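So the chains spell out like this:
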Amino acid sequence: MTYLPSTTTDPDTDMGPVAQVITPDGERIVDPTLEPWVDGISDDLLVDLYRDMVRTRRLDGEGVALQRQGQLGLWAPCEGQEAVQVGTARALRAADFVFPSYRESGVQLVRGATPTELIQVWRGEEQSMGDPFIRRTAGPQIIIGAQTLHAVGYAMGIQRAEALGEAPSDDVAVTYFGDGASSQGDVHEAMVFAASFGAPVVFVCSNNQWAISEPVRVQSRTPLAARAPAFGIPSLRVDGNDVLACYGAMRWALERARSGSGPAYIEAVTYRMGPHTTADDPTRYRDPAELSRWRGRDPIARVHALLRASGALNDQREADIAADADTLAAEVRAACLSYRTRDPLTVFDEVYAEPHAGLEAQRKAHSAYLDGFEEGVS
Amino acid sequence: MTALTMAKALNAALGRALADDPSVLIMGEDVGTLGGVFRITDGLLGAHGASRVIDTPLAESGIVGTAVGLAYRGFRPVVEIQFDGFVYPAFDQIVCQVAKLHYRTRGAVRMPLTVRIPWAGGVGAAEHHSESPEAYFVHTSGLRVVAVSNPSDAYFMLRQAIACDDPVVFFEPKRLYHVKGEVDLDAALADAPPMGLARVVRAGSDATVVTYGAQVTTALEAAEAAADDGVSLEVIDLRSLSPVDYDTVAASVRRTGRVVITHEAPGEAGVGAEVAAGITERCFHHLEAPPLRVTGHDIPYPPAKLERHHLPDLDRILDAVDRVLERPHSLSEAAQ
Ligand SMILES: Cc1ncc(C[n+]2csc(CCOP(=O)(O)OP(=O)(O)O)c2C)c(N)n1
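Right, let's walk through the structure included here.

### Structural notes on the overall build of chain B
Okay, step 1: When helices and strands are tallied, chain B shows eleven helices and 14 strands.
Okay, step 2: Taken along its principal axes, the extent of the C-alpha atoms in chain B is 60 × 45 × 40 Å.
Okay, step 3: Across the 336 residues that make up chain B, the buried fraction comes to 58%.
Okay, step 4: Within chain B, counting contacts between residues at least 6 apart in sequence, those at least 24 apart form 80% of the total.

### A look at the side chain of E62 of chain A
Residue and element names in this part refer to chain A.
Okay, step 1: Along the chain, E62 turns up in helix α2 (residues 43-68).
Okay, step 2: Accessibility expressed as a relative area gives 8% for E62, which makes it buried.
Okay, step 3: Aside from chain neighbours lying at most four places away, what touches E62 is A329 and R333.

### A word on the interface of chain B and chain A
Where the parts come together, the accessible area they lose is often given as the size of the interface.
Okay, step 1: Counting residues at the interface gives 42 residues for chain B and 44 residues for chain A.
Okay, step 2: The shortest N-O distance in the salt bridge between D42 of chain B and R284 of chain A comes to 2.5 Å.
Okay, step 3: Counting the contacts that link chain B with chain A gives 13 residue pairs in polar contact (both at pLDDT 80 or more).
Okay, step 4: Looking at the side of chain B that touches chain A residue by residue, the class counts come to 18 nonpolar, eleven polar and 13 charged.

### What to know about the site of the ligand
Okay, step 1: The local shell around the ligand holds 20 residues, among which Y102, R103, I142 and G180 of chain A together with E60 of chain B are the closest.
Okay, step 2: Separating an oxygen atom of the ligand from a side-chain N or O atom of Y102 of chain A is a distance of 2.6 Å.
Okay, step 3: The separation between an oxygen atom of the ligand and a polar side-chain atom of R103 of chain A is 2.6 Å.
Okay, step 4: About the coverage of the ligand: the protein hides 96% of its 590 Å² of free accessible area.
Okay, step 5: Within the shell around the ligand, the residues separate by chemical class into ten nonpolar, six polar and four charged.

### Points about the packing of aromatic side chains
All names here are of chain B.
Okay, step 1: In this structure the tally under the stated criterion is 22 aromatic pairs over all chains.
Okay, step 2: Where Y88 meets Y136, the ring centres are 5.9 Å apart and the plane angle is 85°; that geometry is what we call edge-to-face. Highlighted residues: Y88 in the loop between β4 (76-80) and α4 (91-98) and Y136 in helix α6 (residues 134-138), separated in sequence by 48 residues.
Okay, step 3: Judged by relative accessible area, Y136 falls into the partly exposed class, the value being 47%.

### A short note on the sheet that holds strand β11 (residues 233-237) of chain B
Residues and elements named next belong to chain B.
Okay, step 1: The strand order β9-β11-β10-β13-β14 describes an open sheet built from five strands, whose pairing is mixed. The open sheet has two edge strands, β9 (199-202) and β14 (292-296), and neither has a second partner. When strand polarity is set aside, the average angle formed by the axes of neighbouring strands in this sheet is 25°.
Okay, step 2: As paired strands, β9 and β11 are joined by three bridges and run antiparallel to one another. Residue V200 lies in a different strand from β11, and its bridge partner there is I236.

### A word on the environment of E214 of chain A
Okay, step 1: Relative to the elements of secondary structure, E214 of chain A occurs in strand β5 (residues 214-215).
Okay, step 2: Owing to a relative accessible area of 2%, E214 of chain A belongs among the buried residues under this scheme.
Okay, step 3: For E214 of chain A and Y285 of chain A, which are 71 residues apart along the polypeptide, the C-alpha to C-alpha distance reads 8.3 Å.
Okay, step 4: Non-local contacts of E214 of chain A, meaning those with residues more than four positions away in its chain, are made with Q209 and Q219 of chain A together with G28, E29, D30, D55, T56, P57 and L58 of chain B.

### Considering the pattern of salt bridges
Okay, step 1: Summed over the entire model, instances satisfying the criterion amount to 38 salt bridges over all chains.
Okay, step 2: Overlapping salt bridges, with partners in common, bring together R58, E62, D326 and R333 of chain A in one network.

### Quick notes on helix α3 (residues 60-72) of chain B
All names here are of chain B.
Okay, step 1: The end-to-end C-alpha distance of α3 is 19 Å, a good match for the 18 Å that 13 residues give at a rise of 1.5 Å each.
Okay, step 2: Here α3 has its buried residues at E60, I63, V64, A67, V68 and A71. Seen end-on, α3 carries its buried residues on one side only, within an arc spanning 140°.
Okay, step 3: Phi for G74, located one or two positions after α3, is positive at around 105°.

### Observations regarding a nonpolar patch on the surface
Residue and element names in this part refer to chain A.
Okay, step 1: A contiguous nonpolar surface patch, about 260 Å² in accessible area, is contributed by V192, F193 and F197.
Okay, step 2: Structurally, the position occupied by V192 is in helix α7 (residues 185-197).
Okay, step 3: Take V192: its relative accessible area is 40%, and that puts it in the partly exposed class.

### Overview of the sheet that holds β4 of chain B
All names here are of chain B.
Okay, step 1: Across the sheet, which stays open at both edges, the seven strands sit in the order β3-β2-β4-β5-β7-β6-β12 with mixed pairing between neighbours. One side of each edge strand has no neighbouring strand; the edge strands of this open sheet are β3 (53-55) and β12 (240-242). Between one strand axis and the next, the sheet turns by 20° as a mean value, whatever way the strands run.
Okay, step 2: Across two bridges, strand β6 (residues 144-147) lies against β12 in antiparallel orientation. What sits directly across from V146, in β12, is S240.
Okay, step 3: This element, helix α7 (residues 151-163), spans β2 (24-28), β4, β5 (114-119), β6 and β7 (168-173) of the sheet and lies at about 160° to β7.

Reading the values: the criteria
Residues numbered from 1 in each chain as written. Chains lettered and ligands numbered in written order. Predicted model: local features only at pLDDT ≥ 70, side-chain atom pairs only at ≥ 80, totals over all residues. Heavy atoms only, no water. Helix = DSSP H or I, 4+ residues; strand = E, 2+ residues; numbered from the N terminus. Buried < 20%, exposed > 50% of the residue type's maximum accessible area, 1.4 Å probe, protein only. Contact = heavy atoms within 4.5 Å. Salt bridge = Lys/Arg side-chain N within 4 Å of Asp/Glu carboxyl O. Polar contact = N/O pair within 3.5 Å; in protein donor to acceptor, adjacent residues only side chain to side chain. Nonpolar A, V, L, I, M, F, W, Y, C, P; charged D, E, K, R; others polar. Near = heavy atom within 4 Å. Areas by Shrake-Rupley, 256 points an atom, 1.4 Å probe, with all protein chains shown as cover. Phe/Tyr/Trp six-rings, centres within 6.5 Å; stacked < 30°, edge-to-face > 60°. Pairing = 2+ DSSP bridges. Axes fitted to C-alpha atoms, helices over the stretch in contact; angles between N-to-C directions. Expected span 1.5 Å × (residues − 1). Arc of directions from axis to C-beta. Patch = residues over 30% accessible without salt bridge, like charges linked within 9 Å, V, L, I, M, F, W, Y side chains within 5 Å.

These figures come from the coordinates and say nothing about function on their own.
Encoded structure:
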């Protein structure tokens, strides 16, 4: 038996075949695979998805502005990727656990992150978003791919809840990562573990076509979704700029995981509209024509067109949503400007869970050193 | 002589190595079209082509592991690890394979690999972008480990590292990438000081400050301030962390009798501990005071807004100088 690779129609930054239920023009169409998972979705839910995408984009704009004004050290924009983030995250339950990368601000927003949490890492004040157990969402992972293994381990823990005296549950672990991450050994090992143990985990690969300057073809010559079956994991390749398709794909994946059928993999084909981070200059490696081609596939515009046509979105509702997004941005800005850096000696806190003699001595010595400055510590 | 930033000097060294030796290859994430996130490989793809300047998949173990195979085949790969904190996925390949192959094969296999690492902190970066992992590599036999502190050394030491038949872990302080210095681009490589030698960057008589990387700048500032105070500090840039040039270090300490070692990596089992032990073994009877270390704290690298409390600054170095000189200093008895 010979297995031959199936290549994408155009692995070079183009769509190739994807499952879609809303066209770029805002027309609702039927995809046989996704239809059972999006059939009967209410207009209200669609409006909610739209609202979350608008909020995410507004947050993103504010993040970039704050960085440009020197208030944030860095920002990783997610403009263009709102549909995959919001669509998949909205399908989750609060009890599911999410392990994202640094670009998933939309996921963090949907999971309920506060304005302060959304900026503190980028401002250089903290290294995480705080307690991951509060909203069952880990902070932004910077080591590419590492979080995929954490999600699989968490899912293996879900399978073993009874050992901890807890009731069995149908909770699911979810991990988000990029097309570049798909090259990391950790991601491959995560798929091996997930499949071998039938772990209730969903892999969401946001294929935004670029890993900093490297197009997806440097990572793969086949659609990324085609890799998962080789590990024994079923996958779906969806239009990542179609929020309803992402929502439906996630429902499909979650249903499998919840019902004991094991892991599932989604490749959401999307595009990073902005730079990799505010420190990056995409004009060095990206063709402007490519960018404008993808502008025509804007994930927010198509839902907007659909909702306007159906009448679910009128001027008033649209204005409310815009105002709501502005409020969020104002809150983020206020949280940023009012942030006060913590006391220097707190760098010695929480290095260990139990007292550590060596570090206690260092804290004392550094405290005495700081006291030596007449003006005190500024 | 030309005034160049360290970034440009490194770029010139890579360009020269590619031009001089067809077996030299550049590999890494974003090193091609983008020219590297720090632009160290800027223009090299255009000048030397995609078979010699290779944008790799985003996989550090893959980058170093395939470089091992290329070295088997006779190439001299120069790999770029994008940031210090991302060398760990490649750690297994570096310590288990790269470092050991020559030994394991009784010299039959050479690993003339250079692993370039944009390194250390002080630039307000995000988590995992300011690490000082040098001690892990110094602890591994079979590797040479060097750290540069100025554009001229960057230019010549990188070329020496590439020409070296042993694997070299090459640390480039990000904090100094855009600082300019004089480089004689036309000088013969053979005339440059070998990368294994330490250098006295400032002569002095009261105490020796041993350091490396960006901390050389801080130590020189401390020496300047101490001079205003009537204290004469000798500053030594180690340049090579494995092996350490103890001849240069010991000659200085025998004269001054007092030594402060400073680096921004955490102190525990760090390079400073090794150097202090090496000095004590060699200079015990010349020492007027115990060698002191001034290092980063034994904590994970803190968030950017607090990093200045972690990085040893001029005052912490001067404080240690006061202590080795047995002068009054800021640390109370209670704190010790
Ligand atoms: C292990 C590791 N290597 C390198 C990096 C540097 N780096 C940060 S993001 C990035 C590109 C990631 O691309 P992708 O996985 O496609 O995600 P995207 O940023 O496009 O969302 C790289 C190389 C890192 N953070 N971690």
